[in-house]
Amino acid sequence: MRRRADVCLLLEGTYPYVSGGVSSWVHQIIRGLPDLTFALVFVGGSRRDYAAPKYQLPANVVHLETHYLEDALRGHQPRRVRLDGARLESVRGFHGCLRRWSGTRFDAEVEAGLDALLSTISQPKAIGIDDFLFGSGAWEYMRERYLDTCPSEPFLDYFWTLRLMHGPIFQLAKIAESAPEARVYHTISTGYAGLLGAFLERRRGRALVLSEHGIYTKERKIDLNQAEWIDALRPRTQLGIEESGDATRALWIAYYEALGRLTYRSANPIIALYGGNRERQLADGADPARTRVVVNGVDVKRFESALAARPAKPPRVVGLVGRVVPIKDVKTFVRAMGFVCEALPDAEGWVVGGTDEEPAYAEECQALANNLGLGDRVRFLGHQDVSKMFPQLGVLMLSSISEAQPLAVLEAFASGVPCVTTDVGACREQIEGLTPADRALGRAGSVVPFADPAALGRAAVELLTQSARYAACQRTGLARVQKFYAHAAMIDAYRNIYQHAMGQ
Amino acid sequence: MAGVGFSLRKLSGGTTYAGMIRLYASAGVISSGPWLISILTLVLVGALGRELAPSSDAVERFQVSVTWLFATSLLLTTPLQLLFTRHVSDLLYGEHDELATPSMWGALCVVSVLVGIVCAFAWQLFGAETLALKLVLATCLEVLCATWIVIVMLTSLREHGQVVLAFALGYAVTLGATLLLAPYGELGLLSGFLLGQAVLLLWSLRVVVKLAPGAPSMAWGFFDPSRVHLDLLPIGLCYGFGIWADKLVFWLDDEVSRQVLGPFRASEVYDFPLFLAYLAITPGMAAFLLQVETDYAERHTRFFKAVEEGGNLLKLERLRDELVDAARAAIVTILKVQGVTFAFCLVFGETFLSWFGISRLHLPLFYVDVAAVSMQVLMLSVISILFYLDRRTAVLWIALLLAVSNTALTLASLRTGALFYGYGFAIAASLTTLVALAVLTRAFRDVLRDTFMMQA
């Protein structure tokens, strides 16, 4: 018996088990549409990484199911399977399609191949995971592809990379079988959740809506390039470490790009938070006719008390609101605090965000603070209620190397806190305005290049010491969120999107 | 037996003929020494005992009893031997040395219980015999079964020299004690045999405890399904039965055998030629030790290490081909060696038989038996390689084939007359070997695929 709901959300590594901007946004949407029922399908990597839900699920959430990709390859007993030529041909054909598939050029054969795959994978006569794992023809095919693409790589790496890639595909197809019935499916990223959405769109004949915050493919590329585990895989091969890692990286990047394309193909509409991300989606293969921008919204009323609680003089506290993970570049924040404390010895830096996602990185940041002599100046406060934090902050600083449209900045504006950010994502739009009417409001802070702690520090010191400028930024920020980032506008936009999608 | 093969090769000092002969001689001693020592001792006891015993009947009853004791003990313990040796090898490989000896005590416990059950049931069958004789027989069975386990333990510890030494010691005592007690008839002979076997057992135990003291307890890991492959038990059962099936068929047929002592029967026409023919496996076993347990084992390790360490596929395929070459070389060598042995027996067979006082009429049977045991050595080699490749299900089917075909064909040979005696075992062994070779070929073809894909 499948559960039924109006909207089924497909969530990868976010709500409700991870606290952060994306999760808060999801929570807002659910609460903002109390007349619709929501079913949640959560996909995570390893169950070790997720504890209890971090959010109180609203009453209109009627279903929550969790799946972990680590289970994809587990529990399959080896057995002799004959993978006959006909079924293997369909796989070869599909892979050929993927290699030819680029841009949004329409290719009927490719489209037919993709449709066939999405509709039939794991169905009785089509390819199942046992065929892939143990099928006689699968080995020969793998061998062929290996000799074609990377014949000097350790075969063990290639073999397991393929398994790690394909396991989740079969697993997601299976999840799509038993996922809740909904009038519309909404995925919050491409990647695995996006693929699940593509399966559901094809199988259930319902619309798939895609809202992207960070661009998944871009973020995975950053992760892969930083990943030490790839280099650690085979320290004893004769090749140089960089060389042997490159082939594996290339495989994974191609894989995620394909997942992205498959999602863009199936989703309508494709929503980005700001123009820059929309451009990126188009470059990655999204159909321009389907894309649109719906900015984040912030509930100004929620932060009224925070605004009212502000002291007359700005506190000499620079806050970073965000999870302590490498993409937020908390180390640059710590270094920036070094510059701030040089100019303002009584200043403090607060990191307001969870440290449990990457404990090793969090420890490194603390160690860095200690090494720079900022052990007592920089405090790691963990996850806090920001509406209570903002009155105590003077300036919000975001040092991220990649962002979409940080909710933290909008919430800071609503609470009367100016912001200093790096020039990533939609930050410049938020601080300096987008449309002419928006820009006329002025600046609500400063934008500096990323990975430049000195510039960040200087900008923060400027704001904290020039009271006229500070007050102007406060006014601008507040006006901006009220006019252009209103919560109600975002909720209305999604209500319309859902209704339109349900009607199809 | 892999470790000793390597040290043997070092000792041989190269490829001179003298070196090769020395090498094969040592390999022969190690692989077949125990078996040869026991057979030759019993033959000597038989020959000399006739002078000293009150009647020649007594000597015959003694010999048949010993044969049946060997058969029973091997049939009882082969399943457990396979399981146990695999378990101990795993323990030693995984550096859990301290659990090895406790596992042995556990296995000995199991064996004793089994023997107790068998004796309880068999007691009635010896109704006509004295209590003393029954007790001696029961104790002999217990000691023999225990000895196999302890020998397996020593082999797993790579102490092959100690095994040969123990056998030499034990059977020297056997020889002396049996001849001394011969005047007391079969009871004296069996008591002497028991004494010698007890010395063998206790000496071996002493060596084990000195070399691998282990934790002071008993361990039962060899029955734990998560740590061992319990399908080794049916394999051992089928294989053990398969080897003895033809002898049992002859012994249980009224026309070709007669009752000798209690339920022990002997077949004059069948037994002795076969007994002698088993002496002829020595060259083949030496070749097996050198080729399979050494050359093949080495390449096997190289291959799997390369898989783990991330070799590229072409390199892995090349190593796989070398592996197949080693297996092929081993099989060819064994065939050649046994072929030469067979030719040798053809030429000197008559002389052999006359040394042991067997009539020329048994010559044809002797030839067939030599061919049959040669096939058995080859079969053993192929099965060993299949075990290396961990194809246990295939080995089970092969062992089952051996058991069924040996029984069926031997029964058929009884019906068709004396001309075909011995062909049952020979054809069964050959058929099973051919099937095993076919299975091995397929296994090698798929070894890379199975190594990567067939993992739980």
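Model, not experiment: these values are computed from the prediction.

J.: Help me understand the overall build of chain A, please; the structure alone is not making it clear to me.
T.: Helix and strand counts for chain A come out as 21 helices and 13 strands. Against the 2.2 N^0.38 benchmark of 23 Å for 504 residues, chain A shows a C-alpha radius of gyration of 24 Å, consistent with a compact globule. For chain A, the C-alpha atoms occupy an extent of roughly 75 × 60 × 40 Å along the three principal directions. Within the span of chain A, comprising 504 residues, buried residues form 57% of the whole. Within chain A, contacts between residues at least 6 apart in sequence are counted, and of these 76% link residues at least 24 apart. Taken as a whole, chain A presents about 21100 Å² of accessible surface, with 52% of it coming from carbon and sulfur. Between the centroid of the 59 positive side chains of chain A and the centroid of its 57 negative side chains there is a distance of 4 Å.

J.: Explanation requested: the interface of chain B and chain A in the structure shown.
T.: The parts lose accessible area when they come together, and the size of an interface is often stated as this lost area. With 19 residues of chain B at the interface, the matching set in chain A holds 27 residues. Each partner contributes to the roughly 1800 Å² buried at the junction of chain B and chain A, and carbon and sulfur atoms together form 63% of this total. Taken together, chain B and chain A are joined by two salt bridges. The shortest N-O distance in the salt bridge between Asp450 of chain B and Arg80 of chain A comes to 3.2 Å. For the interface between chain B and chain A, the tally reads five residue pairs in polar contact (both at pLDDT 80 or more). Residue assignment for the side of chain B that touches chain A shows that the elements contributing at least two residues are α10 (282-308), α11 (313-355) and α15 (447-453) of chain B. The element that contributes the greatest number of residues to the side of chain B that touches chain A is α15 of chain B, accounting for five residues.

J.: Sorry, what's going on with the pairing of strand β12 (residues 419-422) of chain A here?
T.: The side chains of a regular strand alternate between the sheet's two faces. All names here are of chain A. Taking every second residue as pointing to the same face, both faces of β12 are buried, with Cys419 and Thr421 on one and Val420 and Thr422 on the other. Across three bridges, the pairing between strand β11 (residues 395-398) and β12 is parallel. If you follow Met397 over to β12, its bridge partner there is Val420. Bridge count between β12 and strand β13 (residues 445-448): four bridges; the pairing is parallel. In the strand pairing of β13, Val420 is matched with Ser446.

J.: I would appreciate a short explanation of the sheet that holds β11 of chain A in the present structure.
T.: Each strand in a sheet pairs with its neighbour through backbone hydrogen bonds, running either in the same direction (parallel) or in the opposite one (antiparallel). Residues and elements named next belong to chain A. If you walk across this open sheet you meet the six strands as β10-β9-β8-β11-β12-β13, and the pairing is parallel. Lying at the two open borders of the sheet, with one neighbouring strand each, are β10 (378-380) and β13. Mean inter-strand twist for the sheet, computed between neighbouring axes without regard to direction, equals 20°. Pairing of strand β9 (residues 348-352) with β10 involves three bridges; the strand directions are parallel. Across the sheet, the residue bridging to Val351 is Phe380, located in β10. With respect to the sheet, helix α13 (residues 330-343) is in contact with β8 (317-321), β9, β10 and β11, its orientation differing from that of β9 by roughly 165°.

J.: Hey, could you run me through the confidence of the model for chain A in this one?
T.: If pLDDT is low for a region, its predicted coordinates should not be looked at in detail. In the predicted model, chain A carries a mean pLDDT of 88, and the fraction of residues at 70 or more is 94%. Here residues 234-242 of chain A is a poorly scored stretch, pLDDT under 50, and it has 14 contacts once near neighbours within four places are set aside; other chains count.

J.: When you look at the packing of aromatic side chains in this model, what are you seeing that I'm missing?
T.: Where two aromatic rings form a pair, the distance of their centres and the angle of their planes describe that pair. Scanning all chains against the criterion turns up 46 aromatic pairs over all chains. Aromatic pair Tyr192 of chain A and Tyr255 of chain A: ring centres 6.3 Å apart, planes at 55°, arrangement tilted. Here Tyr255 of chain A lies in helix α10 (residues 241-266) and Tyr192 of chain A lies in helix α7 (residues 191-204), a separation of 63 residues in the sequence. Per residue, the accessibility class of Tyr192 of chain A equals that of Tyr255 of chain A, and both read buried. Between Phe62 of chain B and Phe193 of chain B, the aromatic rings sit 6.2 Å apart at their centres with planes inclined by 75°, giving edge-to-face as the arrangement.

J.: It is not clear to me how helix α13 (residues 392-416) of chain B should be interpreted in this structure. Could you clarify?
T.: At 3.6 residues per turn, the α-helix brings residues three or four places apart onto the same side. Residues and elements named next belong to chain B. The first and last C-alpha atoms of α13 sit 36 Å apart over 25 residues, in line with the 36 Å expected at 1.5 Å per residue. Of the residues making up α13, those classed as buried are Arg392, Val395, Ile398, Ala399, Leu402, Ala403, Ser405, Asn406, Thr410, Ser413 and Leu414. Each element contacted by the buried residues of α13 is listed here: α8 (232-252), α12 (363-388) and α14 (423-445). In the stretch just after α13, Gly417 is the one whose phi turns positive, near 110°.

J.: Honestly, empty space enclosed by the protein in this entry has me stumped. Any pointers?
T.: Remark: the empty space left among the atoms is shown by a probe the size of a water molecule rolled over them. Residues and elements named next belong to chain A. The final tally for this structure, using the stated rule, is two cavities of 30 Å³ or more. Of the voids in this model, the largest cavity is the one considered here, and its volume is about 50 Å³. The wall of the largest cavity is formed by Cys150, Glu153, Pro154, Asp157, Tyr158, Thr161, Ala247, Thr248 and Leu251. Contributions of two or more residues to the lining of the largest cavity are made by α6 (155-178) and α10. Tallied by class, residues from the lining of the largest cavity come to five nonpolar, two polar and two charged.

J.: Can you help me understand the sheet that holds strand β4 (residues 181-187) of chain A in this one?
T.: Residues and elements named next belong to chain A. Taken in spatial order, the seven strands make up an open sheet running β3-β2-β1-β4-β5-β6-β7, and their pairing is parallel. For this open sheet the edge positions go to β3 (61-68) and β7 (291-293), each flanked by a neighbour on one side alone. Shown here is a sheet whose adjacent strand axes are inclined to one another by a mean of 20°, direction ignored. Taken together, the six bridges between strand β1 (residues 4-12) and strand β2 (residues 38-44) define a ladder with parallel strand orientation. When the bridges of β2 are listed, Leu9 appears paired with Leu40.

Analysis parameters
Residues numbered from 1 in each chain as written. Chains lettered and ligands numbered in written order. Predicted model: local features only at pLDDT ≥ 70, side-chain atom pairs only at ≥ 80, totals over all residues. Heavy atoms only, no water. Helix = DSSP H or I, 4+ residues; strand = E, 2+ residues; numbered from the N terminus. Rg over C-alpha atoms; globule rule 2.2 N^0.38 Å. Buried < 20%, exposed > 50% of the residue type's maximum accessible area, 1.4 Å probe, protein only. Contact = heavy atoms within 4.5 Å. Areas by Shrake-Rupley, 256 points an atom, 1.4 Å probe, with all protein chains shown as cover. Lys, Arg positive; Asp, Glu negative; His and termini not counted. Charge placed at Lys NZ, Arg CZ, Asp CG, Glu CD. Buried area = accessible area lost by both parts, 1.4 Å probe. Salt bridge = Lys/Arg side-chain N within 4 Å of Asp/Glu carboxyl O. Polar contact = N/O pair within 3.5 Å; in protein donor to acceptor, adjacent residues only side chain to side chain. Pairing = 2+ DSSP bridges. Axes fitted to C-alpha atoms, helices over the stretch in contact; angles between N-to-C directions. pLDDT = per-residue confidence, 0-100. Phe/Tyr/Trp six-rings, centres within 6.5 Å; stacked < 30°, edge-to-face > 60°. Expected span 1.5 Å × (residues − 1). 1 Å grid on protein atoms, 1.4 Å probe; cavity = no way out; pocket = protein on both sides within 12 Å on 5 of 7 lines; lining within 4 Å. Points joined across faces, edges and corners; volume = space filled by probe spheres on them. Nonpolar A, V, L, I, M, F, W, Y, C, P; charged D, E, K, R; others polar.

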